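A structural walkthrough
The residues making up each chain are set out below.
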Amino acid sequence: MTLPMLKGLKQVLGLPENRQKTKIKVGEAAAGARARPTTRMPQTSDQVRLLLGEDGARRIGIQGDRGFRDQFAAVLDPGRVAGWFSVEAADLAAGAELPSVRGFAGLDALVVGGREPELGFRQALRIMQKCNASTPVHYVGDFEFCGGTLAIPAEADGCLALLYNHFQQFFNQRDVLQFRIEAADDDRRVRRWRLLGPNQSMILDIDELLPGRRGPSMVKVLVGHPLLTGGRHYRLRLCADVEWRRSFTIVHGSHQFFKSPDRRKEFRLAEEVLRGGHAVVTVPNYDLDMGESPVVDLLAGTERHQIERRRDRRVAEIRFEHRPGRANAGRHFGLGYNGFGTSFWYAFEEGVAGPGGPVDSLAGNHLCRVRIEDRQDAALSSEESARLEMVEASGFMIHPCTVPILRGRDGLAFGFNYGASNPPVRDFDIRFFDAAGSHLGRMRWRTERAGPVLIEDVLADWADPAAARAAAALVAPDWRKIGYAPGRVVTAADLVLQSLRTGDRDLTEFQSSWRNLGMQIPDLPHWLHPSIGVFGRTNVIGRARTRDGHRTGVLLANASGNLGYRRQVNAQIQVLDLAGKALRADIPLAAFTAKLVWLDELLPGLDEHLGTPGMGPLVVTCGEADLGAQVISVNPAGAVGLQHLWGY
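Predicted model, so just to flag it, every value in this text is computed and none were measured. (Residues numbered from 1 in each chain as written. Predicted model: local features only at pLDDT ≥ 70, side-chain atom pairs only at ≥ 80, totals over all residues. Heavy atoms only, no water.)

**Some words on the state of the cysteines**
All chains considered together, the criterion is met by zero disulfides. Here C239 is not cross-linked by a disulfide; its sulfur's nearest cysteine counterpart is in C159, at 10.0 Å. (Disulfide = S-S within 2.5 Å.)

Shown next as structure tokens:
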């Protein structure tokens, strides 16, 4: 690709001239508040005192210099100070104790502050983990934080979420970290604290946190420490299995904090994601900080109405009923509201016709931001179309996604869904590859559906003898055919997994194969960092599960938007138990190949390794390329779960 082509991509993609990629995210101030970096969470003595009161802590230790001890003891009720701890010689001479397991034993909480809260907090966490990993250690200071949230619909039968201390994996952070876990439903809010060492994890069971839960529920996890990500971001994601009847879906947690509660959010979902039943969309108000407008605008096809949310409810639910029939093809469900925190959608498909009879299937994911109304400014100009033709002739596909072709292997099929894209996408540019990664040919294909399509059904329309050898496909919108500039279209694209035995299915957002380009392209950088477009790497995580008879697989794709990409690589797959002990294996991948590997075949002894908890972190790394990676799961009833792995 020539330099003029690269410079012309900005116009081809329909990107504004002043568009720049933000390297460090800064939050917006809530009404009347002062803006501050979103990676920090300062705590004052008053805020800590409030937490102590909510937790009902009676025996409270104070760690810090004498001045801090006196200052903090003054805000507590008499008799609640159960010990003073310090490492300073003058304080020890004045009656302080050295921090120790024996000194911390029996405390309901420990508060750390004073002249060097960073040092004292790190020391206290190490000691407290040996004493009681569930006793909270509070800091008074200005530390970094990371956090994540998850919303669970009222109809769900259960939810198991994996909380993984991944900070060594990404940031070489080897300290013990403390996680603050909060859960709430319509009736109550509970809080737990847990200390985890590097690579340790725990399972959060929503029915243990909220026995007899009523209505939709939520889980929020926060971790504060003097140094977590070095100011890069505040993202922490749970990986959760939400269960309903004999089905389940795998979702990852969201992460959004310190945004304005009056920020406008809009989403839409194609009705044809549903084959029957109904969809539920959660609307967050996790911290009861709803903005001025409690109104939610709803769209179902051409029908519009509004509802009003309760201000005392941390999660609201919006229900959309499926309407069968051709007259409803192409309809969208949409909603708009003011607030922050990511919404999740769940498709409750009841009595769907499957190969073995009716099946109840649950699918779900977090919602991508998509305007309700079709945008009218996406059309390609003749000049943009000519540039796009030149880019394609140079051997590039813009925003392709990789779909494996299993041909019924393991009783599974993959597919794709662009139904919620704005404007709608019906025309696709598809390139097929064999099992060795050799390019077989190209097909331009159109669908009239706004819902999931299985890749084998698409392949059946390719009138080429090479179709018999196709093992993977690169799928992208046919930009010139649809006449849209890629940068002006929200391509809300999903990867689809479906059981051929039961008809159960799940979806996750695509991991675009706009990777491993070998170059930096102006205004279209890799999502993580522009340099990753030149030399890729992979470091992503999720969950592995053997619990309740689940079988876990990993789908890996080594692909690129540059059709001249030829790199063969090795990926390493690790599964950790809750204590952090790992099983490992390597997987070779040629360019433009996708592999589905089953962990019980790849890692002998997996069931014994994960033990009774039956769940643990899944880590995929590759120092040679930027791989697409998804976790899949199949339960004994034949239900399937799918979610992309994630990283930084």
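Having seen the structure, we can now continue with the description.
**Comments concerning unusual backbone geometry**
Cis geometry marks the peptide bond from N422 to P423, where omega comes out at -5°. With respect to the secondary-structure elements, P423 resides in the loop between β23 (412-417) and β24 (427-433). We note that N199 has phi near 70°; this positive angle belongs to a residue other than glycine. With respect to the helices, strands and loops of the structure, N199 is situated in the loop between β9 (189-196) and β10 (201-205). (Helix = DSSP H or I, 4+ residues; strand = E, 2+ residues; numbered from the N terminus.)

**A short note on the sheet that holds strand β30 (residues 538-545)**
With antiparallel pairing, five strands are arranged side by side in an open sheet as β33-β32-β35-β30-β38. Each edge of the sheet is formed by a strand with only one pairing partner; in this case those strands are β33 (582-589) and β38 (646-647). The sheet contact formed by β30 and β38 spans two bridges and is antiparallel. Bridge pairing in β38 links V540 to G647. (Pairing = 2+ DSSP bridges.)

**Some words on the pairing of strand β7 (residues 158-164)**
The buried fraction of β7 is high, at seven of seven residues. Pairing analysis gives five bridges linking β7 to strand β12 (residues 239-244), with the strands arranged antiparallel. Looking at the pairing, G158 lines up with E243 of β12. By the bridge criterion, five bridges tie β7 to β10 in an arrangement that is antiparallel. Following the sheet pairing, Y164 is matched in β10 by S201. (Buried < 20%, exposed > 50% of the residue type's maximum accessible area, 1.4 Å probe, protein only.)

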